[in-house]
Amino acid sequence: MRKLTFAQATLEAMAEEMKKDDKVYVIGEDIARQGGVFGQFKGLSQEFPGRVIDSPISETFIIGGGVGAAMVGARPVVDMHFADFVGVCMDEILNQMAKARYMFGGQTKVPLVMRAPDGMTFGGAAQHSQSLEAFFIHIPGVVVVTPSNPYDAKMVLKAAIESDDPVLYFENKILYKEKGEMPELADEEPYTIGKAKVVRPGKDVTIVSYSIGMKAAKGAAELLAKDGIEAEVIDLITLSPWDRETVFESVKKTHRLCICHEAVKQGGVGAEIAAVAAEELLTELDSCIMRLSSLMTRINLCNSQTMIGGQTLTALIAKKDCLRLQLEAYRALAAEASDLAPRASRTEIKLYSTVDVKALQKQADAMAAELRQLDNQLQATNWTVDL
């Protein structure tokens, strides 16, 4: 099976869709001449002359023009350069793109894809590093997707371009260079918007994430597996509408839920999932819902490749993220095992009677100490974001 980077996978999706439908075109800053700021459009303008357009530096024009073109029959893919710039064209997204089909009584539609590179990156600082997807899951009328690997990046982008609804396609900048297996065209399976994937089955805890957060989720599951804890990991892929059925089925099996994402915790995607799970699955939960994410703070200019104690800052943050997930799982299990509530069933009592509570607490204490040490190392760099 061949391997492609995330950027190459999206490029392949664009080329296939542009060959299939001559109404598909691309517009944005520096995409024809430069091939995109991350190379995600490289060579496309040569293959499709006149259909890959360099725009003025005006997000309002890029999105507004795309909405207008979509309403009269085109299928534009509009590139935001950086997701952080969506504030400039928010009216075009909120009041035009999301509402045109409704306000015209279904006489028109807006088959548009907005591609938006997001997330922290090397030296991106405060205005080029944000994860803003939660802004848009609050808006009826738009679909929000954010794939985590090259294969999904391709299939989700193809589904987005073919959709008759406006789709906001968030693509994490760090993931562009990530390589993944890509089946041949005949073996590809189309993606259905709104469907999540169980990427790792398990029975003890459900970990839900998306985009670059999947790296931490899968890493934590691997760490937990070494101690006999089987985590089920779910990649949401689509954030609005999100796949409640897949998440709920998993939680009913594991009775524990953890959501992690790179975006800030306050008002994040995790808050929505946690709230709905608490409303509809309260009697299924054996412990509190956990949310792991960034603090409510800006992102500074510290170079992610800075070496600290022989490790890069990126590696330290990834290690800390995985360790926090593992620590919370240990603490939850230890608390449940040491405090058998009257509501516990005979099966639960039998399960917990085999758990060495003191050993779990000792391991949790050791992890907490390691986390404090990592915190001290990160604080020494003035790194203000707690992943």
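Analysis parameters
Residues numbered from 1 in each chain as written. Predicted model: local features only at pLDDT ≥ 70, side-chain atom pairs only at ≥ 80, totals over all residues. Heavy atoms only, no water. Salt bridge = Lys/Arg side-chain N within 4 Å of Asp/Glu carboxyl O. Buried < 20%, exposed > 50% of the residue type's maximum accessible area, 1.4 Å probe, protein only. Helix = DSSP H or I, 4+ residues; strand = E, 2+ residues; numbered from the N terminus. Pairing = 2+ DSSP bridges. Right-handed = clockwise from strand over helix to strand, strands pointing away. Phe/Tyr/Trp six-rings, centres within 6.5 Å; stacked < 30°, edge-to-face > 60°. Expected span 1.5 Å × (residues − 1). pLDDT = per-residue confidence, 0-100. Contact = heavy atoms within 4.5 Å. Core = buried A, V, L, I, M, F, W, Y, C linked by side-chain atoms within 4.5 Å. Axes fitted to C-alpha atoms, helices over the stretch in contact; angles between N-to-C directions.

*Asks:* Please explain the pattern of salt bridges as it appears in this structure.
*Replies:* Two side chains that carry opposite charge are able to pair once their charged atoms sit near each other. Taken as a whole and judged by the stated rule, the model has 23 salt bridges. A salt bridge links K203 to D204; the nearest nitrogen and oxygen atoms lie 3.3 Å apart. Because the salt bridges share partners, they merge into one network encompassing R2, E12, E16, E17, K20, K154, K158, E162, E184 and E188.

*Asks:* Before we go on, may I ask you to explain the pairing of strand 10 (residues 205-209) in this structure?
*Replies:* Walk down a regular strand and you will see the side chains alternate between the two sheet faces. With 5 of 5 residues buried, strand 10 lies mostly within the body of the structure. Where burial is concerned, the two faces of strand 10 agree: the one with V205, I207 and S209 and the one with T206 and V208 are both buried. Here strand 10 pairs with strand 11 (residues 231-235) via 5 bridges, running parallel. Pairing of V208 across the sheet is with I234, part of strand 11. A crossover connection joins strand 10 to the parallel strand 11 through helix 8 (residues 213-225); in handedness this β-α-β unit is right-handed. For strand 10 and strand 13 (residues 257-264), the ladder comprises 3 bridges, and the chain directions are parallel. Looking at the pairing, I207 lines up with C258 of strand 13.

*Asks:* I keep staring at the packing of aromatic side chains and nothing clicks. Help me out?
*Replies:* Aromatic ring pairs are reported here in terms of the distance separating the ring centres and the angle at which the planes meet. Applying the stated criterion to the full structure yields 7 aromatic pairs. Ring geometry for F38 versus Y176: centroids 5.1 Å apart, planes at 25 degrees, classification stacked. Of the two residues, F38 is situated in the loop between strand 2 (24-28) and helix 2 (44-47) and Y176 in the loop between strand 7 (167-172) and strand 8 (179-182); the sequence distance between them amounts to 138 residues. Given a relative accessible area of 3%, Y176 falls into the buried group. Here the aromatic rings of W242 and F248 are separated by 6.1 Å at their centres, their planes lie at 80 degrees, and the arrangement is edge-to-face. A residue is classified by how much of its surface remains accessible, and F248, at 10% relative accessible area, is buried. Put simply, the rings of F6, F38, F82, F85 and Y176 pair up and form one aromatic cluster.

*Asks:* What am I meant to see in helix 1 (residues 6-20) here?
*Replies:* Residues three or four positions apart in an α-helix share a direction because the helix packs 3.6 residues into each turn. Here helix 1 contains 15 residues, and its C-alpha end-to-end distance of 21 Å stays within 8% of the 21 Å for a straight helix at 1.5 Å per residue. Helix 1 sits mainly inside the fold: 11 of its 15 residues count as buried.

*Asks:* Teacher, can you tell me more about the confidence of the model for the protein here?
*Replies:* Detailed reading of the predicted coordinates is not advisable wherever pLDDT is low. Here the protein averages 85 in pLDDT, and 80% of its residues register 70 or above. Long-range and interchain partners of residues 346-354, a stretch whose pLDDT sits below 50, account for 9 contacts in this model, where long-range means more than four residues apart. Here residues 382-387 is modelled with pLDDT under 50, and outside its nearest four sequence neighbours on either side it reaches 28 contacts, counting other chains as well.

*Asks:* Just to check I follow, could you spell out the nonpolar core for this structure?
*Replies:* Generally speaking, a soluble globular protein has its nonpolar side chains buried in company with each other. I63, I93, M97, M114, L168 and L236 are the most contacted members of the largest nonpolar core, which has 48 residues in total. Sequence-distant contacts of L168, defined by excluding residues within four places in its chain, comprise I93, M97, M114, F136, V142, V143, V144 and V145. If you look at the next biggest cluster of nonpolar residues, it comprises 35 residues, including V113, A153, Y176 and M182.

*Asks:* What's the story with unusual backbone geometry in this structure? I'm lost.
*Replies:* Following S240, the chain continues to P241 via a peptide bond in cis, the omega torsion being 0 degrees. Position of P241 among the secondary structure elements: in the loop between strand 12 (238-240) and helix 9 (244-254). Even without glycine at this site, D30 takes up a positive phi of about 65 degrees. Here D30 is to be found in the loop between strand 2 and helix 2.

*Asks:* Hey, could you run me through the sheet that holds strand 2 in this one?
*Replies:* Neighbouring strands of a sheet are bound in pairs by backbone hydrogen bonds; such pairs are parallel or else antiparallel. An order of 3-2-4-5-7-6-12 is seen for the 7 strands of this open sheet, with the pairing classed as mixed. Here the strands that pair on one side only, and so sit at the sheet edges, are strand 3 (52-54) and strand 12. Neighbouring strand axes in the sheet, compared pairwise and without regard to direction, differ in orientation by 20 degrees on average. Two elements, strand 2 and strand 3, share 3 bridges in a ladder whose sense is parallel. Among the inter-strand pairings, V26 is bridged to a residue of strand 3, identified as V52.

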